[in-house]
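The lines below spell out each chain.
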Number of protein chains: 4
Amino acid sequence: MPAVPYTPRDGQYVATAEFYVRYAETDAQGIVHHSSYVLWMEEARLNFARSVGIDYAETERAGRLMSIVEMQVHYHSAMRFGDKVRAHCWLDSFKSRAMTFAYHIQREGDGVVCMSGASRHVCLNREGNIASWPESWR
Amino acid sequence: MPAVPYTPRDGQYVATAEFYVRYAETDAQGIVHHSSYVLWMEEARLNFARSVGIDYAETERAGRLMSIVEMQVHYHSAMRFGDKVRAHCWLDSFKSRAMTFAYHIQREGDGVVCMSGASRHVCLNREGNIASWPESWR
Amino acid sequence: MPAVPYTPRDGQYVATAEFYVRYAETDAQGIVHHSSYVLWMEEARLNFARSVGIDYAETERAGRLMSIVEMQVHYHSAMRFGDKVRAHCWLDSFKSRAMTFAYHIQREGDGVVCMSGASRHVCLNREGNIASWPESWR
Amino acid sequence: MPAVPYTPRDGQYVATAEFYVRYAETDAQGIVHHSSYVLWMEEARLNFARSVGIDYAETERAGRLMSIVEMQVHYHSAMRFGDKVRAHCWLDSFKSRAMTFAYHIQREGDGVVCMSGASRHVCLNREGNIASWPESWR
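Basis of the calculations
- Residues numbered from 1 in each chain as written.
- Chains lettered and ligands numbered in written order.
- Predicted model: local features only at pLDDT ≥ 70, side-chain atom pairs only at ≥ 80, totals over all residues.
- Heavy atoms only, no water.
- Helix = DSSP H or I, 4+ residues; strand = E, 2+ residues; numbered from the N terminus.
- Rg over C-alpha atoms; globule rule 2.2 N^0.38 Å.
- Buried < 20%, exposed > 50% of the residue type's maximum accessible area, 1.4 Å probe, protein only.
- Contact = heavy atoms within 4.5 Å.
- Areas by Shrake-Rupley, 256 points an atom, 1.4 Å probe, with all protein chains shown as cover.
- Lys, Arg positive; Asp, Glu negative; His and termini not counted.
- Charge placed at Lys NZ, Arg CZ, Asp CG, Glu CD.
- Salt bridge = Lys/Arg side-chain N within 4 Å of Asp/Glu carboxyl O.
- Polar contact = N/O pair within 3.5 Å; in protein donor to acceptor, adjacent residues only side chain to side chain.
- Nonpolar A, V, L, I, M, F, W, Y, C, P; charged D, E, K, R; others polar.
- Axes fitted to C-alpha atoms, helices over the stretch in contact; angles between N-to-C directions.
- Parallel < 35°, antiparallel > 145°, perpendicular 65-115°, else oblique.
- Left-handed = near helix turned anticlockwise from the far one by under 90°.
- Least-squares fit on C-alpha atoms with pLDDT ≥ 70 in both.
- Buried area = accessible area lost by both parts, 1.4 Å probe.
- Expected span 1.5 Å × (residues − 1).
- Phe/Tyr/Trp six-rings, centres within 6.5 Å; stacked < 30°, edge-to-face > 60°.
- Lys NZ or Arg CZ within 6 Å of the ring centre and 35° of its normal.
- Disulfide = S-S within 2.5 Å.

Enquirer: Just to check I follow, could you spell out the overall build of chain A for this structure?
Expert: Looking only at helices and strands, chain A features two helices and six strands. Traced from its N-terminal end to its C-terminal end, chain A shows the element sequence β-α-α-β-β-β-β-β. Against the compact-globule benchmark of 14 Å for 138 residues, chain A has a radius of gyration of 16 Å, which places it among compact chains. For chain A, the C-alpha atoms occupy an extent of roughly 45 × 35 × 25 Å along the three principal directions. For chain A, buried positions account for 59% of its 138 residues. For chain A, long-range pairs separated by at least 24 residues make up 66% of all intrachain contacts whose partners lie at least 6 apart in sequence. Accessible area for chain A stands at about 5900 Å²; split by element, carbon and sulfur atoms hold 48% of it. Mean positive and mean negative side-chain charge positions of chain A (15 and 16 charges, respectively) differ by 4 Å.

In structure tokens, the structure reads:
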């Protein structure tokens, strides 16, 4: 397998969520459907937020929304029902008006990174205009 | 096959939505996952609303929400990717504070009713309290 | 709130899976979409299997499939993003050719049972015919 | 709005699927969840196949699978429940061992392209090895 893209830098904080593949996340090819990984990226990102003390539900109630503007996903190996997932997420870049997260979706057991990817987000206020991130996020 | 439950009464208005099974709606058994039918019941119900001139998005903006309180689903035959779906929905009962819809999910071609079921709904206002249905729905 | 249906019998084994509401599981009403609970029922059921030592992925490879034939779902209270879910599942009845599981979906914190329900399943062989459950399941 | 990426070449065949946003496809921000567009890309791609006479279900039965290896998604504008979707798909490149599709997800009415993107696929045989596309696809 070629080197996996989107590798965290040395010493970078990486948050990891662990869960089992859900049966509903598979498809008729007998493997996990490619859209399920997009759900796991989000789960990994929100787990990252929880793990650094950000309550995203509270952030939204306070009128700041994270809005996705771009996403890249690379599929390296198929996962199956019965597999346990390790969903890694880290902050790849943080600017005043945009944030990029990167992801590795890894299969527990053989440790293969089955998916790697990244997503870029901006902060919106209630009116849908681009705003700066909440103070507490810095 | 035994008689299918939830049959519309003679002369009752039945709205039908037609669409193809999506690949993402299948699972590793090679068939449509049972949760996909729940999405189709909702699609059939909202298609019913559209077909009788109700703009449900507008209803929500005006502060009235349909909230599901109960659902029964009977699975009769498996559907597969490639099948075309005919999702039938009709109003089974309408009371001041609750409405019941019934459903047949039918496979085009052989005409088999693969799922039948019903769902009961109440109307909520913005505060989450039970309210009466909008005037225009009567 | 009325008494919640589908209560486990005294001393009955109940398996509990714990996880956070996923953002994707919410809808435009700001609450968890009713179809998400159906995914959680399945997750609770497969967690039950894991907790009693059944490897369902292996069961399928050996040519026995659990097929759902009926489902009842009662919605008692809305859940939201930020809530932690406790998904309880127990075996309500076990016969040679059909099994019924029951479920409570509970919100951690206030402990409210937000959904209760049941699902009935039969065992199919590779040809799609009803078979008896694997020996090891008894 | 900046120019939308992934524009079809002059005279290129573009297949369009039309459907309404499903309520379940929205999230607590009141808009369509970003993962729903991934489902629509697939629907658009399979609609493309149907429209050029390819029966993808039959292709899989014959032992050839399309497997996604990479996906890019750009989100330009939020869609909502009530919107009607026009999901455009075209073949961006076709090589012996890989195919790239591109997509525009457009809102009917104002005609805004709310999402644009691309996905790259390879053909696998039953053993999971890379194979060439079926003859009939050329």
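Enquirer: When you look at the interface of chain C and chain D in this model, what are you seeing that I'm missing?
Expert: How big an interface is tends to be reported as the loss of accessible area on association of its parts. With eight residues of chain C at the contact, the number on the chain D side is eight residues. For the pair chain C and chain D, the number of links is zero salt bridges. The interface formed by chain C and chain D contains six residue pairs in polar contact (both at pLDDT 80 or more). Its residues assigned to classes, the side of chain C that touches chain D shows three nonpolar, four polar and one charged.

Enquirer: Honestly, the packing of helix 1 (residues 34–51) of chain B against helix 1 (residues 34–51) of chain C in this entry has me stumped. Any pointers?
Expert: The packing of two helices is summarised by the inter-axis angle and the distance between the axes. Packing of helix 1 of chain B against helix 1 of chain C leaves a shortest axis separation of 9 Å and a crossing angle of 170°. The orientation of helix 1 of chain B with respect to helix 1 of chain C, classified from their angle, is roughly antiparallel. In this structure, the crossing between helix 1 of chain B and helix 1 of chain C has a hand that is right-handed. Contacts between helix 1 of chain B and helix 1 of chain C pair His34, Ser35, Val38, Leu39, Glu42 and Arg45 of chain B from the former with His34, Ser35, Val38, Leu39, Glu42 and Arg45 of chain C from the latter.

Enquirer: Would you mind going over the relation of the copies chain D and chain A with me for this structure?
Expert: A rotation about some axis, followed by a shift along it, carries one copy of the chain onto the other. Superposing chain D onto chain A requires a rotation of 180° together with a translation of 0.0 Å along the rotation axis, leaving an RMSD of 0.0 Å. Considering both components of the superposition, the chain copies are consistent with a two-fold axis. Within chain D, glutamine 72 of chain D has its C-alpha nearest the rotation axis, a separation of 2.3 Å. Of the residues that chain D buries at the interface, 100% are likewise interface residues in chain A, meaning the two copies contact each other through the same surface.

Enquirer: I tried to follow the environment of threonine 100 of chain D on my own but got confused; where do I start?
Expert: Residue and element names in this part refer to chain D. Along the chain, threonine 100 falls in strand 4 (residues 99–107). Residue classification places threonine 100 among the buried positions, given a relative accessible area of 14%. Filtering out sequence-adjacent residues up to four positions away, threonine 100 remains in contact with Trp90, Leu91, Asp92, Ser93, Ala118, Ser119 and Arg120.

Enquirer: Would you explain the interface of chain D and chain A in this entry?
Expert: Each side of the interface is counted separately: chain D has 20 residues, and chain A has 20 residues. For the pair chain D and chain A, the two sides together bury roughly 1800 Å², of which 56% comes from carbon and sulfur. On the chain D side of the contact with chain A, Gln29, His34 and Met71 of chain D bury the most area, a combined 30% of that side's loss. Seen at the junction of chain D and chain A, the total is zero salt bridges.

Enquirer: What am I meant to see in the relation of the copies chain C and chain D here?
Expert: After a rotation of 180° and a shift along the axis of 0.0 Å, chain C superposes on chain D with an RMSD of 0.0 Å. Interface overlap between copies is the fraction of interface residues in one copy that are interface residues in the other; for chain C against chain D it reaches 100%, indicating a shared surface.

Enquirer: Quick question: what am I supposed to make of the side chain of asparagine 47 of chain B here?
Expert: Residues and elements named next belong to chain B. In this structure, asparagine 47 sits in helix 1. For asparagine 47, a relative accessible area of 15% puts it in the buried group. A polar side-chain atom of asparagine 47 sits 3.4 Å from the main-chain carbonyl oxygen of threonine 16. The contact partners of asparagine 47, leaving out residues within four places of it in the chain, are Ala15, Thr16 and Ala17.

Enquirer: Help me out: how do you make sense of the pattern of salt bridges in this one?
Expert: Proximity of charged atoms lets side chains of opposite charge pair with each other. Summed over all chains, the structure comprises 40 salt bridges over all chains. Residues aspartate 110 of chain B and arginine 107 of chain B are paired through a salt bridge, measuring 3.2 Å at the closest nitrogen-oxygen approach. Judged by relative accessible area, which is 48%, aspartate 110 of chain B ranks as partly exposed. Among the residues examined, arginine 107 of chain B registers a relative accessible area of 12% and is labelled buried. Within the structure, one salt-bridge network assembled from shared partners comprises Glu18, Lys84 and Arg86 of chain A.

Enquirer: Explain helix 1 (residues 34–51) of chain D to me, please; I cannot follow it from the model alone.
Expert: In an α-helix, one turn spans 3.6 residues, which is why side chains three or four residues apart end up on the same side. Residue and element names in this part refer to chain D. Its 18 residues give helix 1 an end-to-end C-alpha distance of 26 Å, which sits within 8% of 26 Å, the value for a rise of 1.5 Å per residue. Within helix 1, 15 of the 18 residues are buried, which leaves the element mostly enclosed by the surrounding structure. A positive backbone phi angle near 90° is found at glycine 53, which sits one or two residues after helix 1.

Enquirer: Would you take a moment to explain the packing of aromatic side chains for this structure?
Expert: For any pair of aromatic rings, geometry is given as the distance between the ring centres together with the angle between the planes. Within the structure shown, the criterion is met by 40 aromatic pairs over all chains. Consider the rings of tyrosine 37 of chain D and tyrosine 75 of chain D, whose centres lie 5.5 Å apart with planes at 75°: the pair is edge-to-face. Here the residue tyrosine 37 of chain D occupies a position in helix 1, and tyrosine 75 of chain D occupies one in strand 2 (residues 65–75), the gap between them amounting to 38 residues. Both residues of the pair, tyrosine 37 of chain D and tyrosine 75 of chain D, belong to the buried class. Taken together, Phe19, Tyr37, Trp40 and Tyr75 of chain A form an aromatic cluster joined through their ring pairs. The ring of tyrosine 20 of chain D has arginine 50 of chain B sitting right over it, with the charged end atom 3.8 Å from the ring centre.

Enquirer: What is the right way to read the state of the cysteines from this model?
Expert: Note on terminology: disulfide describes a covalent bond linking the sulfur atoms of two cysteines. Overall, the coordinates contain zero disulfides over all chains when judged by the stated rule. The thiol of cysteine 114 of chain A is unpaired, and the distance to the nearest cysteine sulfur, on cysteine 89 of chain A, comes to 17 Å.

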